[in-house]
Amino acid sequence: MAANVRPLSPKEVVEKKKDSIPDAVFEAFNELIAKDFNNAYAIVKQKEVVKLLVEKGLKEKEIYENHWLDVEELYRKAGWKVEYDKSAYNAFFKFRPRGKK
């Protein structure tokens, strides 16, 4: 008998993605957002997140292979406006509370 398998909705994909990301990733982002927040926004440099994750015991190769830094949509769902800028030398995330410019 066939199982009731159906396509995921966009909302379900975001939830499934959240379940596949280690807690340490959210801990690192949260720590850096709180540290760098200036009451309007926080700039979180990708290299700082990766460094902190490696310090927490994750392997850099796994971080990138598993797309664990692709957290923008999850933080948007939590109420942030998130922009990702990947320039040649300094990729960063900009977190702003939704509704602020």
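Further up the page is the structure itself.
Model, not experiment: these values are computed from the prediction.

Criteria and thresholds
- Residues numbered from 1 in each chain as written.
- Predicted model: local features only at pLDDT ≥ 70, side-chain atom pairs only at ≥ 80, totals over all residues.
- Heavy atoms only, no water.
- Helix = DSSP H or I, 4+ residues; strand = E, 2+ residues; numbered from the N terminus.
- Buried < 20%, exposed > 50% of the residue type's maximum accessible area, 1.4 Å probe, protein only.
- Lys, Arg positive; Asp, Glu negative; His and termini not counted.
- Salt bridge = Lys/Arg side-chain N within 4 Å of Asp/Glu carboxyl O.
- Contact = heavy atoms within 4.5 Å.
- Pairing = 2+ DSSP bridges.
- Axes fitted to C-alpha atoms, helices over the stretch in contact; angles between N-to-C directions.

(A) Spotlight on the side chain of Glu-72. Within the fold, Glu-72 resides in helix 5 (residues 72–77). It turns out Glu-72 is buried and unbridged, and the closest side chain with the opposite charge, Arg-76, is 5.5 Å from it. Non-local contacts of Glu-72, meaning those with residues more than four positions away in its chain, are made with Val-82, Tyr-84 and Phe-93.

(B) Up close: the sheet that holds strand 3 (residues 92–97). Taking strand neighbours across the sheet as the criterion, the three strands line up as 1-3-2 in an open arrangement whose pairing is antiparallel. Every other strand in the sheet has two partners, leaving strand 1 (42–45) and strand 2 (80–85) as the edge strands with one partner each. Each strand axis lies, on average, 20° off the axis of its neighbour in the sheet, ignoring direction. Inspection of the sheet shows strand 1 paired to strand 3 by four bridges, in the antiparallel sense. Looking at the pairing, Val-44 lines up with Phe-93 of strand 3. Sheet strands in contact with helix 2 (residues 23–36) are strand 1, strand 2 and strand 3, and its direction is about 135° off that of strand 1. Strands in contact with helix 3 (residues 46–55) are strand 1, strand 2 and strand 3; relative to strand 1, the strand with the most contacts, it is inclined by about 60°.

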